[in-house]
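Reading the structure
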Amino acid sequence: MEKNLQTIHEMVDDFPVSTLYISVHRHVKYGDYHVKTSLVLPGKTLLTGDRDVLIHPAYERCIHKLAKKLQPTNNGCEVTWT
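Summarised in this report is the structure supplied together with it. (Residues numbered from 1 in each chain as written. Predicted model: local features only at pLDDT ≥ 70, side-chain atom pairs only at ≥ 80, totals over all residues. Heavy atoms only, no water.)

**Concerning the overall build of the protein**
When helices and strands are tallied, the protein shows 2 helices and 3 strands. Along its sequence from the N terminus, the protein presents helices and strands in the succession α-β-β-β-α. Within the protein, buried positions represent 27% of all 82 residues. Counting contacts in the protein only where the partners sit at least 6 residues apart, residues at least 24 apart contribute 33% of the total. Element-wise, carbon and sulfur atoms account for 54% of the exposed surface of the protein, whose accessible area totals about 5700 Å². (Helix = DSSP H or I, 4+ residues; strand = E, 2+ residues; numbered from the N terminus. Buried < 20%, exposed > 50% of the residue type's maximum accessible area, 1.4 Å probe, protein only. Contact = heavy atoms within 4.5 Å. Areas by Shrake-Rupley, 256 points an atom, 1.4 Å probe, with all protein chains shown as cover.)

**Considerations on helix H1 (residues 5-12)**
Those residues of H1 that fall on the buried side of the exposure criterion are Leu5, Ile8 and Val12. End-on view of H1: buried residues confined to an arc of 55 degrees, all on one side of the axis. In this fold, the buried residues of H1 make contact with strand E1 (19-27), strand E2 (32-41) and helix H2 (55-70). (Arc of directions from axis to C-beta.)

**Quick notes on the sheet that holds E2**
The strand order E1-E2-E3 describes an open sheet built from 3 strands, whose pairing is antiparallel. Unpaired on one side and paired on the other, E1 and strand E3 (44-52) mark the two borders of the sheet. Direction aside, neighbouring strands of the sheet carry axes that sit 15 degrees apart on average. For E1 and E2, the ladder comprises 9 bridges, and the chain directions are antiparallel. Bridge assignment links His25 to a residue of E2, and that residue is His34. Packing of H2 onto the sheet brings it into contact with E1, E2 and E3, and relative to E3 it is tilted by some 150 degrees. (Pairing = 2+ DSSP bridges. Axes fitted to C-alpha atoms, helices over the stretch in contact; angles between N-to-C directions.)

**Concerning H2**
With 16 residues, H2 should reach 22 Å at 1.5 Å per residue; the first-to-last C-alpha distance of 23 Å fits that figure. When H2 is considered as a whole, its buried residues turn out to be Ala58, Tyr59, Cys62, Ile63, Leu66, Ala67 and Leu70. For H2, the elements touching its buried residues are H1, E1, E2 and E3. (Expected span 1.5 Å × (residues − 1).)

**Some thoughts on the side chain of His34**
Relative to the helices and strands, His34 resides in strand E2. With a relative accessible area of 18%, His34 lands in the buried category. Beyond its immediate chain neighbours, meaning those up to four positions away, His34 contacts Ser23, Val24, His25, His27, Gly49, Asp50 and Arg51.

Structure follows, in structure tokens:
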């Protein structure tokens, strides 16, 4: 799981401060796991989440979504905040 975070780490390396929170909740009623991430950056917090019957696939998709939100826009100067 740590290996998946390398991409995120490289993408936020230029920010003066960044904090990543990851939470995993098991939903017994639905038989699945809910993985949530929140990446706190100066002036903005990016949130993602995903569900699966297995933890790791939900975690990977969640991290992939977060990396996608961090990708630079066309001019290469801004972070996508959508």
